[in-house]
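Residue-level structure breakdown
Residue strings, one per chain:
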Amino acid sequence: MPLFLRKIGLIVGFLGMSFFAFSQTSNELNYQIHIKKAVGKITLDGLLNEPDWQTAEPTTPFRQQFPYDTAQAIQQSEARVTFDDEAIYVSYVVYQPRKYAVQSLRRDFPQGGGIDLVAFNFDTFKDKQNAFHFAINPYGAVREGLITRGDQISNDWDNKWECRVQNYDDKWVVEARVPFKTLRYRVLEGVNEWNINFFRNNLFLNERSSWAQIPRGLPMNSIAFSGTLVWDTPPPKPGANLSIIPYLTAGGAADYLSNRPWQNTAGVGGDAKVAITPALNLDLTINPDFAQVDVDQQVTNLSRFELFFPERRQFFLENSDLFGAFGNNRLNPFFSRRIGLGRDSLSGNNTTLPILLGARLSGKLDNNWRLGVLLMQTGRKQNVAVAANYGVFTLQRKLFTRSAMSLIFTNKHNFFEANDRRNADLFNRVVGVEYNQASASGYWNNKFFYHRVFSPERRTEPYTVGVNIGYFSPKWIVEANVTRQGENYRPDVGFVQRLGQGIWRTPVFIEKVWFPANPRLNKVVNSYGVGIDADMTLRATNAQVWDWDFSPVIGFMRFRNNASLRVTPVRYDYTYLFADFDPTNTGGKALTAGTSYLYRTMRFFYGDNHARRLYMDVQGQIGEYFNGRITSFTPTVAYRYQPYGLFSLITTYNRIRLPQGYNSTDLLLITPRLDLTFSKSLFFTSQLQYNNQINNVNLYTRLQWRFKPVSDLFIVYTDNYFAQEAWSAENRYYAPFQSKNRALVIKLTYWLNV
């Protein structure tokens, strides 16, 4: 066995033994709330005047999580639960003067601390890893999401539920109805219990609180800290659950760079959701269309590697942790955004491919086993890109309280002609195994993984292996990782930042947090601390240092009003160029391969209090950059016209000055965005992105009318222009703001429960 595998084995053994040493139980008090069946009818109006609400058991007083976690909340909240044959009902009485902070009336309003809200989580299987999340703001706007890996939340899950809110001078009152068909759960013989917690974000006092107490410094959605929902009578057994979601599209598109004028388009397709068991769901899609998906936020790329953009297509998002949580953010064997992309054999660039159909089976087999199966088929594109079939299989076994062992298998099969020379790439497969260790306290999160690629052509080092250790407590944050990436670890359906390189990488981050005891300081500062950050990349064959960075001191401060400040007085970066590289990524003269550079910068970040109607965040760096200098600033200004809209302006400016002969430049990325919510069912978004690094101006507008729950009409228009004059390879001149391509799509979706 190779020496490095033996070392990894010792580390894994240490992790296994450390589970018992560090899996201290959470600060579990006996948080219990009983739920009994309603005798009468619950009318969803936010008035709570039904007798069943008066007899429902209330929660005990909420406890603070911020700015302290040692006292009861100053402004209290009271929650109750009941149910009937169709749904579970949750009510809140939230004590607060009629002074609210919200961004808009939009459904699925974003995560973040700048919104007044209440929320509740249902961990229906009591595994302290997965849960359903529901949140409501004082104007009745809602969001729903799925919590995975203990505290990671995705708001892209969409399903049916509803609520009503009443506002008074001293409080606001919530009444919510969640159909049982929206949830996944089992009915047991004997005692039925769920994990549950209730939360509140109070911007009037800059206070966060919860029913089951959560230590400050930890995420509010940490399922490790939950109470118990005890069913006095069992919930109804889940019945057949089938939803069909057809869509129709119409519109047109033009690509002026390819001399393709405007052509009208139309499409039809749809999705289906089938509950195979109460905990196992089958999703089907035929000819899916993702025209309504929000546009990616562009960034200025000063790196030598591919950028990672998150998945936004809803079909891939439910139970996405079963498929996409393997490896880490630089080494992932499955990245769903690869599906629908192909290589254009003429230009050599990536091109989009039509997705013909797909199926996903995901969920729980029982309380200990989770299963995920994904199959997708893409089509050809104009004889320049081949069709492909994608398959993913994952299996997860729960261990101990919050740990799991997981297996993943991915397969991409390209459909070439029988005599095609590219048959050497006929298929690409990955087999991987992972052990995720999470302590009952919620403080420890460790991981070991090993992945291996299989393809027709035998290659050396087609694997990656890694160990991640993380400790996250109110007073300490420690992350230490070791990964070994083989030279030919190339998962075609994954994301690898540094392809074709056999490397060792060892990032380390340590942060110590203090909470001020001085009463005067305590009125302004919630916490402060210092940390260090280091990262090193070594060539595996000879241990040559390719890259390292080191920040010996990072100072930070978090204020009582939720603002924060982080300063790195000096950061050292060392880069060895294994290939020619233009530090501006604008096509200028490149620094030559085989040269190395050591440079220093000062960095800072200030995050404003987002409860204000006008706020500004700013980050930047100043100092050396390769063989020159850099000044970089990214201010974000936002104004909230409550509750109907939010205007934001993000500006990224990079001033790069290199020696004579190289390409000194000023890179500018400007993104103004307007989000308007005329009501809780009519939304408008418009965004402009000016990016002179890629010579592009992108205009994106979307009008959404939610005429029924989870049923929408979208009108989406996109246009791309040249930001400045350019010449094509054919010596064709393009004027500034000349259109490259544009498209208009009208899409109608309808959610039908059968």
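Keep in mind that what you see is a predicted model, and the values were worked out from it rather than measured.

Our focus in this paragraph is the pattern of salt bridges. Any two side chains of opposite charge can pair if their charged atoms end up close together. Per the counting criterion, the structure on display carries 31 salt bridges. When the shortest N-O distance is used, the salt bridge between E78 and R80 registers 3.2 Å. The buried category is assigned to R80, whose relative accessible area is 17%. Each of R107, E144, D158, R706 and D712 takes part in salt bridges that share partners, so that together they form one network.

Moving on: a nonpolar patch on the surface. On the surface, a cluster of nonpolar side chains totalling about 510 Å² of accessible area is made up of F393, M405, L407, F409, V431, V433 and F454. Only strand 23 (403-414) and strand 24 (427-438) provide two or more residues apiece to the nonpolar patch. Broken down by element, the nonpolar patch gets its largest block of residues, three residues, from strand 23. Mapped onto the elements, F409 comes out in strand 23.

Before going further, it helps to spend a moment on the sheet that holds strand 9 (residues 162-167). A sheet is described by the order of its strands in space; here four strands give the open sequence 3-4-10-9, paired in antiparallel fashion. One side of each edge strand has no neighbouring strand; the edge strands of this open sheet are strand 3 (77-83) and strand 9. Strand-to-strand, the axes of this sheet are offset by a mean angle of 10°, without reference to chain direction. Judged from the seven bridges that link them, strand 3 and strand 4 (residues 87-95) form a sheet pairing that is antiparallel. Paired with F83 across the bridge in strand 4 is I88.

This next bit is on the nonpolar core. Residues I88, F120 and F198 are the most contacted members of the largest nonpolar core, which totals 39 residues. With sequence-adjacent residues up to four places away left out, I88 is seen in contact with I35, T82, F83, F122, A176, R177, V178, F180, L183, W194, L229 and W231. Within the second largest apolar cluster, 16 residues are counted, among which are V102, A135, A224 and F225.

Enumeration over the complete set of coordinates arrives at 38 aromatic pairs. Look at W514 and Y528: their rings are 6.0 Å apart centre to centre, the planes differ by 25°, and that puts the pair in the stacked class. Remark: Y528 occurs in strand 31 (residues 525-539) and W514 occurs in strand 30 (residues 508-514); sequence separation between them is 14 residues. Residue Y528 is classed as partly exposed on the basis of its relative accessible area, which comes to 31%. By the ring-pair criterion, three or more aromatic residues cluster together here, those being F83, F120, F122, F134, W161, F180, Y185, W194 and W231. Over the aromatic face of Y168 sits the side chain of K171, whose NZ or CZ is 4.9 Å from the ring centroid. Seen from the ring of Y247, K747 lies directly overhead, with NZ or CZ sitting 5.0 Å from the centre.

Its location among the elements puts N202 in strand 11 (residues 192-202). From its side chain, N202 meets the backbone nitrogen of F204 in a polar contact 3.0 Å long. Setting aside its immediate chain neighbours within four residues, N202 contacts Q75, Q96, D116 and E207.

Right, let's get into the environment of L699. One can find L699 in strand 40 (residues 696-708). Once the C-alpha coordinates of L699 and L688 are considered, the two residues, eleven residues apart in sequence, prove to be 4.6 Å apart. Here L699 is in contact with S686, Q687, L688, Y717, T718 and D719, once residues within four sequence places are set aside.

This brings us to the side chain of S403. One can find S403 in strand 23. Residue classification places S403 among the buried positions, given a relative accessible area of 1%. Of the polar contacts made by the side chain of S403, one reaches the backbone nitrogen of A438; its length is 3.1 Å.

Pairing of strand 39 (residues 682-691) with strand 40, which is carried by ten bridges, proceeds in the antiparallel orientation. When the bridges of strand 40 are listed, F684 appears paired with L703. Counted between consecutive antiparallel strands, the loop separating strand 39 from strand 40 contains four residues, among which N695 sits at a positive phi close to 50°. Where strand 40 lies against strand 41 (residues 711-721), eleven bridges are found, and the strand directions are antiparallel. Residue pairing for strand 41: K708 is matched across the bridge by S711. Between the antiparallel neighbours strand 40 and strand 41 lie two residues, among them V710 with a positive phi of about 60°.

Of the consecutive residues F66 and P67, the connecting peptide bond is found in the cis state with omega at 5°. Look at the link from Q642 to P643: it is a cis peptide, with omega at -5°. Here P643 is to be found in the loop between strand 36 (628-641) and strand 37 (645-657). Even without being a glycine, N206 presents a positive backbone phi close to 50°. Counting through the fold element by element, N206 comes out in the loop between strand 11 and strand 12 (207-210). Positive phi outside glycine occurs at E461, with the angle close to 50°. By secondary structure assignment, the location of E461 is in the loop between strand 25 (444-454) and strand 26 (463-472). The class for E461 is partly exposed, based on a relative accessible area of 22%.

Cut-off values and rules
- Residues numbered from 1 in each chain as written.
- Predicted model: local features only at pLDDT ≥ 70, side-chain atom pairs only at ≥ 80, totals over all residues.
- Heavy atoms only, no water.
- Salt bridge = Lys/Arg side-chain N within 4 Å of Asp/Glu carboxyl O.
- Buried < 20%, exposed > 50% of the residue type's maximum accessible area, 1.4 Å probe, protein only.
- Patch = residues over 30% accessible without salt bridge, like charges linked within 9 Å, V, L, I, M, F, W, Y side chains within 5 Å.
- Areas by Shrake-Rupley, 256 points an atom, 1.4 Å probe, with all protein chains shown as cover.
- Helix = DSSP H or I, 4+ residues; strand = E, 2+ residues; numbered from the N terminus.
- Pairing = 2+ DSSP bridges.
- Axes fitted to C-alpha atoms, helices over the stretch in contact; angles between N-to-C directions.
- Core = buried A, V, L, I, M, F, W, Y, C linked by side-chain atoms within 4.5 Å.
- Contact = heavy atoms within 4.5 Å.
- Phe/Tyr/Trp six-rings, centres within 6.5 Å; stacked < 30°, edge-to-face > 60°.
- Lys NZ or Arg CZ within 6 Å of the ring centre and 35° of its normal.
- Polar contact = N/O pair within 3.5 Å; in protein donor to acceptor, adjacent residues only side chain to side chain.

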